[in-house]
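Coordinate analysis (summary)
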Amino acid sequence: MTIPPAGLPGLPERPEILCSSRVVTPDGVGPAAVHIAGGRITAVTRPEAVQARPGVTDLGDLALLPGAVDTHVHVNEPGRTEWEGFASATRAAAAGGVTTIVDMPLNAIPPTTSVAALAVKRAAAAGRIAVDVGFWGGIVGADVRDRTEIAALHDAGVFGFKAFLAPSGVAEFPHVPMEVLAVAVARAARLDALTVVHAESPSVLAVAPPVAGRAFASWLASRPPAAETEAVAGLAALSAASGARLHVLHLSAAAALDDVLAARDAGLALTAETCPHYLAFTAEEIPDGATLYKCAPPIRGERNREALWQGLAAGLFAGVVTDHSPATPQRRAITSGDFAQAWGGIASVQLGLAAVWTQARRRGHDLADLARWMCTGPADLVGLGHKGRIVPGADADLVVIDPDRSFVVDPAKLAHRHPLTPYAGRTLHGVVRATYLRGERADGDRPPRGRLLSR
């Protein structure tokens, strides 16, 4: 067996067996040999059993994790491809150890609210994706019966349906009142379909103070925690009344976890996710005019961040996903620094694993926790039982990581369309050495091998 050099250009394109002292399986982190054939994991054995066999690559102390599954990515193509696109977004995903993404139904034009629109989006992605890609459908409009093809989209293979309780920011994807969402959720529930919700209360946002130019504090005040807590409480009540599967997207306000915990204890099908930027940044460190930190809900204070980490450790989140949402420098108002004018969203699909691991290791978490939050959990949320885990029969979607090595984020090395990120200049731990999609290298400039997924 040979140990690849530090830069790992020598890692095989199509390994037969990968050995490491730190393989992350459902049993934890430990030495193992992962056998690969036909794009699948065929066995997981002790390393000693394969030492005399040919075709073995020994990774030494480099960690082998399942490829991350990011169920919250805005690709924006077609219609706003100048913001991002399938080719660039999936190259960035592969570079960051993400092997599967699920694309949100906005901000593309047309939004994915019909089977015809889904076909347009699938055609735009076909043959151009470096990782596997699935799609969410959308729930829009004041009368969902006229605007959303729920049953038809479900049959066409979307992984569920997204709705906004507050304005989305784009005219073609209007938000829905809670009573309209209840109608849509009832229809989705009959199909056992998952409904995922941007949970901010429009009534709370309507009376919050306005955003005042460059001041980050004014952006934070304009999206108070009460907007989330009220919306999540409403979704818990809707889940109790309907029995529907509901999922809270990008939860930022830790206070809303009280309702998530109560719903879990009551046996309701209500889950939640959070994002790397809520776990990595704090409001206190964000300077005025730094619009790259703008997102909705906003990044909150340090005490809130630590409460999110406590909730994550307690198992209150179904997963951690990026909400990758890039835009052009002009739309991000880089020059003016005006929070009122800037498009919100953190471009981070390439950095999510490292950003979360950097914070997790400081708090005593291990690589098994990281895999549960960013690989297995999101895969289970959308029913991809053959993704996000190192077990026999699963897709050989794998990422080789040096968890102990750090790097400084250089925007010039980011693969998404616009090299803009609030992580610029930050030191992160967890260098991705190689990403495998169904047993073949997917990172770098390799030809795109991703597949379009259906539920």
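How each quantity is defined
- Residues numbered from 1 in each chain as written.
- Predicted model: local features only at pLDDT ≥ 70, side-chain atom pairs only at ≥ 80, totals over all residues.
- Heavy atoms only, no water.
- Helix = DSSP H or I, 4+ residues; strand = E, 2+ residues; numbered from the N terminus.
- Expected span 1.5 Å × (residues − 1).
- Phe/Tyr/Trp six-rings, centres within 6.5 Å; stacked < 30°, edge-to-face > 60°.
- Buried < 20%, exposed > 50% of the residue type's maximum accessible area, 1.4 Å probe, protein only.
- Lys NZ or Arg CZ within 6 Å of the ring centre and 35° of its normal.
- Pairing = 2+ DSSP bridges.
- Axes fitted to C-alpha atoms, helices over the stretch in contact; angles between N-to-C directions.
- Parallel < 35°, antiparallel > 145°, perpendicular 65-115°, else oblique.
- Left-handed = near helix turned anticlockwise from the far one by under 90°.
- Contact = heavy atoms within 4.5 Å.
- Nonpolar A, V, L, I, M, F, W, Y, C, P; charged D, E, K, R; others polar.
- pLDDT = per-residue confidence, 0-100.
- Lys, Arg positive; Asp, Glu negative; His and termini not counted.
- Salt bridge = Lys/Arg side-chain N within 4 Å of Asp/Glu carboxyl O.
- Polar contact = N/O pair within 3.5 Å; in protein donor to acceptor, adjacent residues only side chain to side chain.
- Core = buried A, V, L, I, M, F, W, Y, C linked by side-chain atoms within 4.5 Å.

What follows deals with helix 11 (residues 302-313). Here helix 11 contains 12 residues, and its C-alpha end-to-end distance of 17 Å stays within 8% of the 16 Å for a straight helix at 1.5 Å per residue. In the stretch just after helix 11, glycine 315 is the one whose phi turns positive, near 80°.

In this description, a pair of aromatic rings is defined by centroid distance and the angle of the planes. Using the criterion set out here, one finds 7 aromatic pairs in the structure. Ring plane angle 75° and centroid distance 5.9 Å describe the contact between phenylalanine 164 and phenylalanine 173, whose orientation is recorded as edge-to-face. The exposure class assigned to phenylalanine 164 is buried, which follows from its relative accessible area of 5%. Cluster of aromatic residues (ring-pair linked, three or more members): Phe281, Tyr293 and Tyr423. Lying over the aromatic face of tyrosine 436, arginine 441 brings its terminal NZ or CZ to 6.0 Å of the ring centre.

Okay, the sheet that holds strand 10 (residues 161-164) next. Across the sheet, which stays open at both edges, the 6 strands sit in the order 9-10-11-12-13-14 with parallel pairing between neighbours. For this open sheet the edge positions go to strand 9 (137-138) and strand 14 (319-320), each flanked by a neighbour on one side alone. Relative to strand 14, strand 13 (residues 270-274) is paired through 2 bridges, and the arrangement is parallel. Across the sheet, threonine 274 pairs through a bridge with valine 320, a residue of strand 14.

What follows deals with the packing of helix 12 (residues 352-362) against helix 13 (residues 367-381). Following both chains from N to C, one finds helix 12 and helix 13 inclined at 135°, their axes separated by 10 Å at the closest point. With respect to their mutual orientation, helix 12 and helix 13 come out oblique. Relative to helix 13, helix 12 is oriented so that their crossing is right-handed. Judged by residue contacts, Gly352, Leu353, Val356, Trp357 and Ala360 of helix 12 engage Leu367, Leu370, Trp373 and Met374 from helix 13. Across the contact of helix 12 with helix 13, the residue classes tally to 8 nonpolar, 1 polar and no charged.

This brings us to the confidence of the model for the protein chain. Per-residue confidence for the protein chain gives a mean pLDDT of 95; residues scoring 70 or more make up 96%. Residue range residues 1-7 is modelled with pLDDT below 50. Its contacts to residues more than four positions away, or to other chains, number 10 contacts.

Now for unusual backbone geometry. Each neighbour pair has its own omega, and for glutamate 77 with proline 78 the value is 0°, a cis peptide bond. Turning to its location among the elements, proline 78 is positioned in the loop between strand 6 (68-73) and helix 1 (86-95). Cis geometry is adopted by the peptide bond preceding proline 110, which originates at isoleucine 109 and carries an omega value of 5°. Inspection of the secondary structure puts proline 110 in the loop between strand 7 (98-103) and helix 2 (115-125). The phi dihedral of aspartate 192 falls on the positive side, at around 55°, and the residue is not glycine. Looking at the secondary structure, you find aspartate 192 in the loop between helix 5 (178-190) and strand 11 (195-198). Even without glycine at this site, alanine 333 takes up a positive phi of about 50°. Mapping alanine 333 onto the fold places it in the loop between strand 14 and helix 12.

Topologically, aspartate 323 is positioned in the loop between strand 14 and helix 12. Of the side chains with opposite charge, lysine 162 lies nearest to the buried aspartate 323, which makes no salt bridge, at 5.7 Å. Within the structure, the side chain of aspartate 323 is placed 3.2 Å from the side chain of histidine 74, a separation counted as a polar contact. With near-sequence residues (within four places) excluded, aspartate 323 lies in contact with Asp70, His72, His74, His250, Cys275, His277 and Ile346.

Looking now at the packing of helix 5 against helix 8 (residues 225-242). At a minimum axis separation of 11 Å, helix 5 and helix 8 run at an interaxial angle of 35°. Here helix 5 runs over helix 8; the crossing is right-handed. In this structure, helix 5 contributes Met178, Leu181, Ala182 and Val185 to the contact, and helix 8 contributes Ala231, Gly234, Leu235, Leu238 and Ser242. A per-class count over the contact of helix 5 with helix 8 returns 7 nonpolar, 2 polar and no charged.

A separate point is the nonpolar core. One finds Leu181, Leu235, Leu251 and Tyr423 to be the most contacted residues of the largest nonpolar core, which totals 97 residues. Of the residues forming this core, the biggest block, 7 residues, is contributed by helix 13. Residues contacting leucine 251, with those up to four places away along its chain left out, are Glu228, Val232, Ala256, Leu257, Val260, Ala272, Glu273, Thr274, Tyr278, Leu308 and Phe317. In terms of nonpolar packing, the next biggest core, distinct from the first, is built from 17 residues, Leu62, Ala394, Ala396 and Tyr436 among them.

Bringing the sheet that holds strand 8 (residues 132-135) into the picture now. Here 3 strands make up an open sheet; going across it, the order is 6-7-8 and the pairing parallel. Each of the sheet's edge strands pairs with one partner strand only, and the pair in question is strand 6 and strand 8. The mean inter-strand angle of the sheet, taken between neighbouring strand axes irrespective of direction, is 20°. In this sheet, strand 8 lies alongside strand 7 in parallel orientation, the contact comprising 4 bridges. Paired with isoleucine 101 across the two strands is valine 133, which belongs to strand 8.

Take the environment of leucine 238 next. By secondary structure assignment, the location of leucine 238 is in helix 8. Leucine 238 sits in the buried class, given a relative accessible area of 11%. Sequence separation of leucine 238 and glutamate 179 is 59 residues, and the distance between their C-alpha atoms is 9.6 Å. Each residue touching leucine 238, except ones within four places of it in the same chain, is listed here: Met178, Leu181, Ala182, Val185, Gly243 and Leu246.

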